[in-house]
Amino acid sequence: MTLFGAADLEAPVAGASRQRVGHRLHRFELFNWGTFDGQVWSFVPGGADSLLTGDIGSGKSTVVDALTTLLVPPQRIAFNRAAGGETKERDLRSYVLGHHKSERNEATGRTLPVGLRRGPTFSVLLAVFGNEGLDTRTSLAAVFWLADGQEGQPDRFYVTAERELSIASDLTGFGGDPAALRKRLVASGAAVHDSYRPYGERFRRLLGIPSPQALELFAQTVSMKAVSNLTEFVRHHMLEPFDARRRVDQLVDHFEALSKAHDAVVAARTQVDQLDPLLGQAAVHEELTSRIAALAAERAALPAFVAARTVAHLQAEAAAADERLTGLVAERDVLDGEIRRAGDERAAAELQMEGHGGARLREIGLEIEHQSEELRRRQDRSATHAADLEILGLAPAARADAFAARRAELGEMGTRLADEQARLRADTDGLAVASARLADDERSLNADLRAARDRRVNIPVAQLDLRSRLLQATGLAEAELPFAGELLQVRPEHRDWEGAAERVLRGLGLSLLVPDRHYRTVSDWIEGEHLRGRLVYYAVPTRAGLAPAPRSKHPLSDVVEVKDDPLAGWLRAEVAVRADLERVETMADFRRAERAVTRAGQLKGGRNRHEKDDRFRIDDRRNFVLGWSAEARIDALLDAARDLGRQREELAARGTGLDGVEKQVRARAAALDRATTVREFADVDWPSVAHRIDALGAERDRLTSASGELSRLRQVRDDAAAVELTARTQRDAVVGRIGSTTTERERALVQARERGVLAAEVDALPPAVVDALATRVPGRSPRGVAAWDAWEKTTLQATTSEHDAAGTRRSGVENRLTALMRTFRQAWPLLTQELDDTVGSIIGYRELHQRLAADDLPRFEAEFQELLRTNAIRDIAELRAELRKQEELIGERIDRINESLHGIDYNTGRFIRLETERTPNQEVRTFQADLLACTDDSLTAAGDPEGLLHG
């Protein structure tokens, strides 16, 4: 943006074109800036040096101030300095409102500025820079706006874009809503900045300005009006300076370029060396992945493979079972005949026995059978009773008197057991209550965590749900009805006052802000709706009043930042009132102050009212409601979730212990209940029944030995009964075999059908999978279904083991592979911007290796090193020669200036002459000596630098 330079003023060589380097101003546009009102005003230097001229008051300083506002930090801007104006004569507000004159109010006697515009209004500044060498365009813009009735300086945001913008097409037509313009710009790919610092960093990076000091120099010289030092003025404005820095920079850049080229060669070799083991691991990983997939396919195909080889076996088993069933049915019919004949013979013998004293024997037999049943019953009851007494820690009673005493002990034990059960129920109930309370806490915490993650705000879920119902019913947008807490946050440098700010402003933060235009709609809905909760809202007027001056020297309101929003003016005033509390460091200061707050959250207000609310910890971020971001609250909620998880584990351990105790108590209670059901000793007295059975057997033996015919008939009956029993036993076995054979046949048929369905899937299997399974079959194939099933089980275990082993090995390879990727990315971050440390990036690393191999840079390493040495010496010699040439040129220019000065008649016989002398600056002298020393050893006898450097 310089006006003139000697190189630019020299006539160009015919037929030559000189490309202008660097970022140059191509177009500058203003809208509603000062007296440039109502339309877009453009200044189009087109990248060339330009001169801005005009009459006094035509707006030259206004344009200079606009460009300064766009490039210089706000705190460094001095408006109207180009016109020699006072520091306070103009400010940003006067430019946005278009102040162009002052009028005196006769009633008040005050003089007030008159503007071309009044709020609401906005102003836009836009500069487009181009770099012809890089063929790029960079746009910088600033948007300022004043709401209706807004006091103080305008709100603003800055814009940067790596393309050409214009005010007419990109920065107007947004309906007066800056938020809509911001969204549109972001959607178009532009970057929007709320403050100068990130904006300045970005545009300096885009324009290649390495340091803010360059803008500081621009701010100091852009409006220079007077010459304070003739020597400096001549040096900077009458002599064409030799850009020694540029030449040195070129030398350094050339050296650095060669160094970078050499470094690139070395880097390429290093990259190939690092990529070789990485790709080796990648190949192993891919091989293992293929192996795992093949094993998984074999495992999935195994049932169909076995089914295809066992269907015929199952069909043969079903046919064999049919043949066996035919023989078993015939055998059952034969046994039925034997059973009928033996039964007839036994009945005839019993009939004959009736006439030889058989009636008594039958009675004895029935009695013995009855007593034997009673014996078994009492023995079972006695064994159960003894087992229950053992659980209770008691021995069984052998006599009736001991049994009565044991019954009394059981009664006392029942009372103790009831007390123990009551205590256990109380512990269990307490555990259940604690678990329920913990579950409620977890549900509430999870709801808050989901809301914080989904909506990225700190407002509690209940308040957000209530607002969602309101928005759904009224059709309003969420941005139109914010909670105050969404627009407030504690400044990062005052984070230690965050808890105190939360205590003071929590109520305001949970309040809904309703713009005046929506007040009627919102209030009507709230009036007619059962909210199922509490809601505080404020009707925010369109024109907010000014924030009152704080009564405190260091008010708490200073630590609170208000987000840019149409409601920000009202909210700032409200915060200023509510947080007008002196921030004190000591309790002595607290007691002296009229209104104060401590970091611990103790408040002191009007009429000596004091308050400290410690229902929650002051640093518990779970309960914070202020903030534009919910990250800190999410971290606090996650910590709380981990704490609840530990409590859950403790409750689970207690529950497990109580379950064990409860099982023991239930077992003892059940044993006690069963033991008390035995009320008489006779219920468990089985020895007396055994004695009765022995007596009846002795009587039967006496009767049988007294009659020989009776003994013979009894023997006949017993022999027939034995034959009948044997036949029945055999028949039962045959019937059982018939049933098992029938089941076996049905099983074979069902399995044959099921496996037939599976066997049909073999045709659809990949041949490679079938061949792989076939190679696993041993030389002697399994015979029978059971053998094939055993082979299937063994093969499944083998493929699963191989699959798991391959998976474990692949995990190890993957860990080593990702570690190599991470090391490579850390070493070469720019080269791997689009890669990550995952297996999915293997293709990218392989392509990078192929590209490096194709470039074959490592073999040029020695050549680049030699170029680096020789070119550096040559460049230094050329710089020294150019410095000597510039020294001579400066002398010629000074002589030419002196010739002109000699022709100026100041006084008769007097004229001005510029005298030159070598600088006494020791750094310059040292630099010249060092430069000479760099080349002395390389000069030839002829003094030719080129010959020297190449000799």
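Rules behind the numbers
- Residues numbered from 1 in each chain as written.
- Predicted model: local features only at pLDDT ≥ 70, side-chain atom pairs only at ≥ 80, totals over all residues.
- Heavy atoms only, no water.
- Helix = DSSP H or I, 4+ residues; strand = E, 2+ residues; numbered from the N terminus.
- Buried < 20%, exposed > 50% of the residue type's maximum accessible area, 1.4 Å probe, protein only.
- Contact = heavy atoms within 4.5 Å.
- Areas by Shrake-Rupley, 256 points an atom, 1.4 Å probe, with all protein chains shown as cover.
- Salt bridge = Lys/Arg side-chain N within 4 Å of Asp/Glu carboxyl O.
- Phe/Tyr/Trp six-rings, centres within 6.5 Å; stacked < 30°, edge-to-face > 60°.
- Lys NZ or Arg CZ within 6 Å of the ring centre and 35° of its normal.
- Pairing = 2+ DSSP bridges.
- Axes fitted to C-alpha atoms, helices over the stretch in contact; angles between N-to-C directions.
- Expected span 1.5 Å × (residues − 1).
- Parallel < 35°, antiparallel > 145°, perpendicular 65-115°, else oblique.
- Left-handed = near helix turned anticlockwise from the far one by under 90°.
- Core = buried A, V, L, I, M, F, W, Y, C linked by side-chain atoms within 4.5 Å.
- Nonpolar A, V, L, I, M, F, W, Y, C, P; charged D, E, K, R; others polar.
- Patch = residues over 30% accessible without salt bridge, like charges linked within 9 Å, V, L, I, M, F, W, Y side chains within 5 Å.
- Lys, Arg positive; Asp, Glu negative; His and termini not counted.
- Charge placed at Lys NZ, Arg CZ, Asp CG, Glu CD.
- Right-handed = clockwise from strand over helix to strand, strands pointing away.
- pLDDT = per-residue confidence, 0-100.

The name given to the chain in an unreviewed UniProt entry is ATP-binding protein, and the organism recorded there is Klenkia sesuvii.

Visitor: Any details on the overall build of the chain? Residues and values, ideally.
Guide: Within the chain one finds 26 helices and 16 strands. When burial is assessed residue by residue, the chain has 35% of its 951 residues classed as buried. Summarising the internal contacts of the chain: among those between residues at least 6 apart in sequence, 70% fall at separations of at least 24. Surface exposure of the chain reaches about 56000 Å², of which carbon and sulfur atoms provide 52%.

Visitor: Account for the environment of L466, naming residues and giving values.
Guide: For L466, the location among the structural elements is in helix α12 (residues 461-474). In this structure the C-alpha to C-alpha distance between L466 and L535, which are 69 residues apart in sequence, comes to 8.3 Å. Discounting chain neighbours no more than four positions away, the residues touching L466 are W525, L531, R534 and L535.

Visitor: Before we move on, can you summarise the pattern of salt bridges with the specific residues and values?
Guide: Throughout the structure, instances matching the rule amount to 42 salt bridges. Close ionic contact of E802 with R291 constitutes a salt bridge, the shortest N to O distance being 2.9 Å. Residue E802 is located in helix α22 (residues 785-827), and its partner R291 is located in helix α9 (residues 244-353); the two are separated by 511 residues in the primary sequence. Residue classification places R291 among the partly exposed positions, given a relative accessible area of 35%. With a shortest N-O distance of 2.2 Å, D336 and R731 are connected by a salt bridge. In this pair, D336 is assigned in helix α9 and R731 in helix α20 (residues 708-759), connecting sequence segments 395 residues apart. A single salt-bridge network, built from bridges that share partners, covers R27, E29, R137 and E164.

Visitor: A description of the packing of aromatic side chains should follow, citing residues and the corresponding values.
Guide: Under the counting rule described, the total for this entry stands at 16 aromatic pairs. One aromatic cluster in this structure is built from W33, F79, Y95 and F144. Taking NZ or CZ as reference, R182 lies 5.4 Å from the ring centre of F157, over its face. One Lys or Arg, R583, reaches over the ring of W497 and ends 6.0 Å from the middle of that ring.

Visitor: Outline the sheet that holds strand β13 (residues 582-583), supporting the account with residue identities and numerical values.
Guide: Spatial ordering of the open sheet is given by β13-β14-β15-β16, a layout of four strands whose pairing is mixed. If you trace the sheet from one side to the other, it starts and ends with β13 and β16 (610-611), each paired once. Relative to strand β15 (residues 603-604), strand β14 (residues 596-597) runs antiparallel, the two being bridged by two bridges. Looking across to β15, one finds that A596 is bridged to K604.

Visitor: So what's going on with the sheet that holds strand β7 (residues 155-161)? Residues and values would help.
Guide: Read from one edge to the other, the open sheet built from six strands follows the order β2-β1-β5-β6-β7-β8, with strand pairing classed as antiparallel. Where the open sheet ends on each side, the last strands, each with one partner, are β2 (36-43) and β8 (191-193). Here the average twist between neighbouring strands, direction ignored, is 15 degrees. Of the strand pairs in this sheet, strand β1 (residues 23-33) and strand β5 (residues 121-131) are connected by eight bridges, and their pairing is antiparallel. Pairing of L30 across the sheet is with L125, part of β5. Sitting on the sheet, helix α2 (residues 60-71) touches β1, β2, β5 and β6 (136-146), and the angle it makes with β1 is about 110 degrees.

Visitor: With reference to specific residues and values, describe helix α6 (residues 196-207).
Guide: For α6, which comprises 12 residues, the first-to-last C-alpha distance of 16 Å matches the rise-based estimate of 16 Å (1.5 Å per residue) to within 8%. Buried within α6 we find Y196, Y199, G200, R202, F203, R204, L206 and L207.

Visitor: Describe helix α16 (residues 568-578), listing the residues and the values that go with them.
Guide: What α16 keeps buried is the set A568, W570, L571, A573, E574, V575 and A576. Packing partners of the buried residues in α16 comprise α13 (484-487), β9 (488-490), α14 (498-509), β10 (512-515), β11 (537-540) and β12 (560-562).

Visitor: Can you explain the packing of α14 against α16? Please cite residues and give values.
Guide: Put simply, α14 and α16 touch, their axes get as near as 10 Å, and they point 140 degrees apart. Taken together, α14 and α16 sit at an angle that is classed as oblique. The two elements α14 and α16 meet at a crossing, and its hand is right-handed. On α16, the residues touching V504, L505 and L508 of α14 are L571, E574, V575 and R578.

Visitor: Just give me the short version of the nonpolar core, but keep the residues and values in it.
Guide: Membership of the largest hydrophobic core comes to 46 residues, with the highest contact counts inside it found for L481, L488, L505, L513, L571, V575 and V597. Elements with a minimum of two residues in this core: α12, α13, β9, α14, β10, α15 (519-528), β12 and α16. Core analysis: the second largest hydrophobic core is formed by 32 residues, L25, A127, Y196 and A219 among them.

Visitor: Account for the packing of α12 against α15, with residues named and values stated.
Guide: One can describe the packing of α12 onto α15 by two numbers: an axis separation of 11 Å at closest approach and a directional angle of 115 degrees. Of the possible angle classes, the one that applies to α12 and α15 is roughly perpendicular. Considering only the axes of α12 and α15, their crossing is right-handed. Residues L466, R469, L470, A473 and T474 of α12 pack against T521, V522 and W525 of α15. Here the contact of α12 with α15 is built from residues that sort into five nonpolar, two polar and one charged.

Visitor: Describe the side chain of H849, naming the residues involved and giving the relevant values.
Guide: Along the chain, H849 turns up in helix α23 (residues 842-855). Judged by its relative accessible area of 18%, H849 is buried.

Visitor: Describe the environment of R846, naming the residues involved and giving the relevant values.
Guide: With respect to the secondary-structure elements, R846 resides in helix α23. Sequence separation of R846 and L279 is 567 residues, and the distance between their C-alpha atoms is 6.9 Å.

Visitor: Run through the pairing of β2, naming residues and quoting values.
Guide: With five bridges connecting them, β1 and β2 associate as antiparallel partners. What sits directly across from E29, in β2, is S42. Counting the residues that bridge the hairpin from β1 to β2 gives two residues, and of these G34 lies at a positive phi of roughly 60 degrees.

Visitor: Give me the lowdown on a negative patch on the surface, citing residues and values where you can.
Guide: Taken together, the side chains of E888, E892, D895 and E899 define an acidic patch exposed on the protein surface. The residue E888 is located in helix α24 (residues 861-902) in this model. Assessed through its relative accessible area of 57%, E888 is described here as exposed.

Visitor: So what's going on with unusual backbone geometry? Residues and values would help.
Guide: Its identity is not glycine, yet D135 carries a phi of approximately 55 degrees, on the positive side. By the element assignment, D135 lies in the loop between β5 and β6. Backbone geometry places N608, a non-glycine residue, at a positive phi of 60 degrees. Here N608 shows up in the loop between β15 and β16. On the basis of relative accessible area, N608 is assigned to the exposed category, the value being 60%.

Visitor: An account of the pairing of β10 is requested, with residue identities and associated values reported.
Guide: Because side chains alternate across β10, one face comprises the buried residues L512 and V514, and the other comprises L513 and P515, equally buried. Note that β10 and β11 share four bridges and pair parallel. Across the sheet, residue V514 finds its bridge partner in β11, namely A539. Running through α15, the crossover from β10 to the neighbouring parallel element β11 is right-handed.

Visitor: An account of the confidence of the model for the chain is needed here, citing residue identities and associated values.
Guide: Here the chain averages 81 in pLDDT, while 88% of its residues score no lower than 70. Across residues 1-17, where pLDDT falls below 50, the model places 18 contacts with residues more than four positions away in sequence or in other chains. Between residues 939-951, whose pLDDT stays under 50, and residues either more than four places distant or in other chains, the model counts 14 contacts.

Visitor: Hey, could you go over the side chain of T795 for me, with residue numbers and the actual values?
Guide: Turning to its location among the elements, T795 is positioned in helix α22. The class of T795 is buried, set by a relative accessible area of 6%. Other than its neighbours up to four places away in sequence, T795 contacts L302 and R776.

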